[in-house]
Amino acid sequence: MPNPRGTPENLEPGKRKGDEPLTEQVNLRVTKTMKEELSTKDDPPEFCRQAIQEKIDKDKKK
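Keep in mind that this is a model prediction, so the values were computed, not measured.

### Some points on the side chain of Glu46
Move 1: Tracing the backbone through its elements, the reader meets Glu46 in helix 2 (residues 44-61).
Move 2: The buried category is assigned to Glu46, whose relative accessible area is 15%.
Move 3: Looking at Glu46, its side chain comes within polar contact range of the side chain of Arg49, at 3.1 Å.

The following block contains the structure:
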């Protein structure tokens, strides 16, 4: 009988895509259209992180 809680690999935390640990949270409001478009992306949280980082980098160069 299979384990209903999954495999031990499923219990490990996900792999980070960047150098820094993702410890903070940000909540923001978006339009319904933006939310629908965002939900079509493969990895919506990573997409948002990249978009925010690009804007921060762009503002730093000014």
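### Some details on the pattern of salt bridges
Move 1: Tallying each qualifying case throughout the model produces two salt bridges.
Move 2: For Lys55, the salt bridge goes to Asp59, with nearest N and O atoms at 3.5 Å. Residue Lys55 and its partner Asp59 are located together in helix 2, separated by four residues, close to a single helical turn.
Move 3: Look at Lys55 and you get partly exposed, because its relative accessible area is 45%.

Conventions used here
- Numbering of residues starts from 1 in every chain and runs along the sequence as written.
- Totals for whole chains, interfaces and linings use every residue, but because this is a predicted model, local features are given only for residues with pLDDT of at least 70 and side-chain atom pairs only at 80 or more, for both listing and counting.
- The side-chain figures draw on all heavy atoms in the structure; neither hydrogens nor water molecules are used.
- Runs of H or I in DSSP of at least four residues are treated as helices and runs of E of at least two as strands, each being numbered from the N terminus.
- Three labels apply to residues, based on accessible area from a 1.4 Å probe with only protein chains included: buried if under 20% of the type maximum, exposed if over 50%, partly exposed otherwise in between.
- Throughout this description, a polar contact denotes any pair of N or O atoms lying within 3.5 Å of each other; where both atoms belong to protein, one of them has to be capable of donating a hydrogen while the other can accept it, and for residues adjacent in sequence the pair is counted only when both atoms sit in side chains.
- Definition used for salt bridges: Asp or Glu carboxyl oxygen within 4 Å of a side-chain nitrogen of Lys or Arg.

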